[in-house]
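Next come the chains, spelled out residue by residue.
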Amino acid sequence: MRIGVLGAGQLGRMLALSGYPLANTFVFYDQSGTPSVGLGEVIIDRDEQYLDDFLKRVDRVTYEFEHLPVDVVEKIAAVKPVYPRPRALKVCQNRQAEKTLFADLGIPTAQWRMAESETELQAAAEELGCPVVAKTNTEGYDGKGQAVLRSPEEAATAWALIGPNRLMVEKFVAFRREVSIIAARGEDGELAIYPMAENVHDTGILRYSIAPAPGLSPGVQEEAERYMRMIMTELDYVGVMALELFETESGLVANEMAPRVHNSGHWTIEGAVTSQFENHIRAITGQPLGDVAPRGLSCMINIIGETGDLKRILELPYTHVHLYDKAERPGRKLGHINVLADNYEELKWRVRNCAEFLPGIPEFQSSLTRG
Ligand code: AMP
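The sections below set out a description of the structure shown in this document. Within each chain, residues carry numbers counting from 1 in the order of the written sequence. In keeping with the model being predicted, local features are shown solely for residues with a pLDDT of at least 70 and side-chain atom pairs are shown and tallied solely at 80 or more, while totals for entire chains, interfaces and linings include all residues. Hydrogens and water are ignored here; the side-chain numbers use all heavy atoms of the structure.

Classification of residues uses two cut-offs on accessible area relative to the type maximum, computed with a 1.4 Å probe and protein chains only: under 20% is buried, over 50% is exposed, and between them is partly exposed. Every helix listed is a DSSP run of H or I at least four residues long, and every strand listed is a run of E at least two residues long, numbered separately from the N terminus. With respect to burial, helix α10 (residues 276–284) is a largely interior element, seven of its nine residues being buried. Burial in α10 covers these residues: Gln276, Phe277, Asn279, His280, Ile281, Ala283 and Ile284. In the segment just after α10, Gly286 is the residue with positive phi, at about 75 degrees.

What follows is the structure, encoded as structure tokens:
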């Protein structure tokens, strides 16, 4: 099948890498003009001049980025099947719509209020009780467009930073750790759900993902699977979706979802029988889904800003390096390393060894290192 991908970054690149063995071909359509995919024709089109050309060359369309203009995606969906459906995109790019969907389905979230001015922000902080996290309702990613208020008086500073914008103000969740769950759903409703991952962030960017998440209490994986099933069924979802959650003393709290393959699922490339990328391609092309069972224990380490000592990393016998062919730049995701092991102790030491060769990476702190 000829697959059109909206967006031409590393996720599109990894989708193509997993889709070519099944004899799919790829054309990428990018409105920003900064492609890094390098694995197929890229159409750069800032003002929709070449949209018809793109559509003529593809059978199905998917996307690797959720901040796309919904009207363009709906226009595409009138001509070619788009998976995940535009409704998923619409919900996921708007925090209020997303949290409302969670509430409708009975999925717990942080308490939240909307604010459209500094006064409303301060009032929301007072009502919810600080600390609170204020987030732009649309457009935010990797912790951008966010501010933490330790007291309502900080509303002015926060508003100066992320206003004037419609903001979602959330009560700060005292979480034990951050986790995520990734699932694929086929056109026929078939579901394949991966084991949950534990995610370690630094300055808003994912640094480490451990899967399966160590030491999950009984029933937690099942609870997350139940949420995933409800969301995907409600959206009649086709493709891979990620749901990010907080694990707290009193159970799981949903934070946000992504209508695409996700950084916290990169471990599946070598760490699961079928990767999230292949399962996304299978789902959107109407093929049966592949086995999501883990092949041992994995930790994904993001390579951010600088590539580091690649030679030394490649010399380690337990690393799988994936580079996105992007130039070094502070804060930029340049690639990732999947480390595999047979037990968590071994995984911890392997991750530490590997991180030695990545400049600027925060020390590996996770539930594995807290004992
Ligand atoms: P988000 O863009 O919603 O994924 O938020 C980015 C990061 O900010 C999350 O991964 C958390 O580390 C932190 N964060 C977001 N919302 C909250 C919250 N309500 N309580 C505590 N931490 C949060």
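Now that the structure has been shown, we can carry on.
Once that is clear, we can look at the site of the ligand. Every one of the 14 residues lining the ligand counts as a neighbour, but Lys135, Gln146, Val173, Glu178 and Glu256 are closest to it. In the model, an oxygen atom of the ligand is placed 2.6 Å from a nitrogen or oxygen of the Gln146 side chain. The protein chains shown are the only cover counted for residues, whose accessible areas, like all others here, come from Shrake-Rupley with a 1.4 Å probe. In the complex, 90% of the free accessible area of the ligand, which totals 470 Å², lies under the protein chains. When the residues that make up the shell around the ligand are grouped by side-chain class, the tally is five nonpolar, three polar and six charged. When residues of the shell around the ligand are assigned to domains, at least three map to each of domain 2 (111–171) and domain 3 (177–355). Being near a molecule or strand, for a residue, comes down to having at least one heavy atom within 4 Å of it. Identification of polar contacts relies on pairs of N or O atoms within 3.5 Å, with a donor-acceptor requirement for protein atoms, meaning one able to donate a hydrogen and the other able to accept it, and with residues adjacent in sequence counted only if both atoms are side-chain atoms. For this scheme, ten residues count as nonpolar: Ala, Val, Leu, Ile, Met, Phe, Trp, Tyr, Cys and Pro. Four count as charged, namely Asp, Glu, Lys and Arg, and the remainder, Gly too, count as polar. A domain assignment, automatic or from a database, supplies the domain bounds used here.

Moving on to the packing of aromatic side chains. The relative placement of two aromatic rings is captured by the distance of their centres and the angle of their planes. Think of it this way: a Phe, Tyr or Trp ring, Trp meaning its six-membered ring, pairs with another when their centres are within 6.5 Å, and the plane angle makes it stacked under 30 degrees, edge-to-face over 60, tilted otherwise. The tally for this structure, following the rule as stated, stands at six aromatic pairs. Taking the centre distance of 5.2 Å and the plane angle of 70 degrees together, the rings of Tyr20 and Phe26 count as edge-to-face. We classify Tyr20 as partly exposed; its relative accessible area is 34%. The buried category is assigned to Phe26, whose relative accessible area is 4%. Counting every residue linked through ring pairs, the aromatic cluster contains Tyr20, Phe26 and Phe28.

Take the sheet that holds strand β8 (residues 167–171) next. Any two strands with at least two DSSP-identified bridges between them are counted as paired. Spatial strand order, β5-β8-β6-β7: four strands in an open sheet with antiparallel pairing. Two strands bound the open sheet, and with one partner strand each, they are β5 (112–115) and β7 (146–149). Each neighbouring strand pair of the sheet contributes to a mean axis angle of 25 degrees, computed without reference to strand direction. In the packing of helix α6 (residues 118–128) onto the sheet, contacts are made with β5, β6 (132–136), β7 and β8, and the angle to β5 comes to roughly 165 degrees. For every element, the axis is a line fit to its C-alpha atoms; helices are fit only across the contacting stretch, and the angle between N-to-C directions ranges from 0 to 180 degrees. Only heavy atoms matter for contacts: two residues are in contact if any of them lie within 4.5 Å across the pair.

Let's shift gears to the packing of α6 against helix α7 (residues 155–162). Between two packed helices, what matters for the description is the angle formed by their axes and the separation of those axes. Here α6 crosses α7 at 125 degrees, and the two axes come no closer than 9 Å. Between α6 and α7, the interaxial angle falls into the category oblique. Every pair of crossing elements has a handedness; the one defined by α6 and α7 is right-handed. Each of Glu118, Leu121 and Gln122 in α6 lies in contact with α7, whose residues at this interface are Ala155, Ala156, Ala158 and Trp159. Looking at side-chain class alone, the contact of α6 with α7 contains five nonpolar, one polar and one charged residues. Any angle that falls under 35 degrees is termed roughly parallel, while one over 145 is termed roughly antiparallel, one within 65 to 115 roughly perpendicular, and all others oblique. Here is the rule for handedness: rotate from the far helix to the near one, and if that takes an anticlockwise turn smaller than a right angle the crossing is left-handed, while a clockwise turn gives right-handed.

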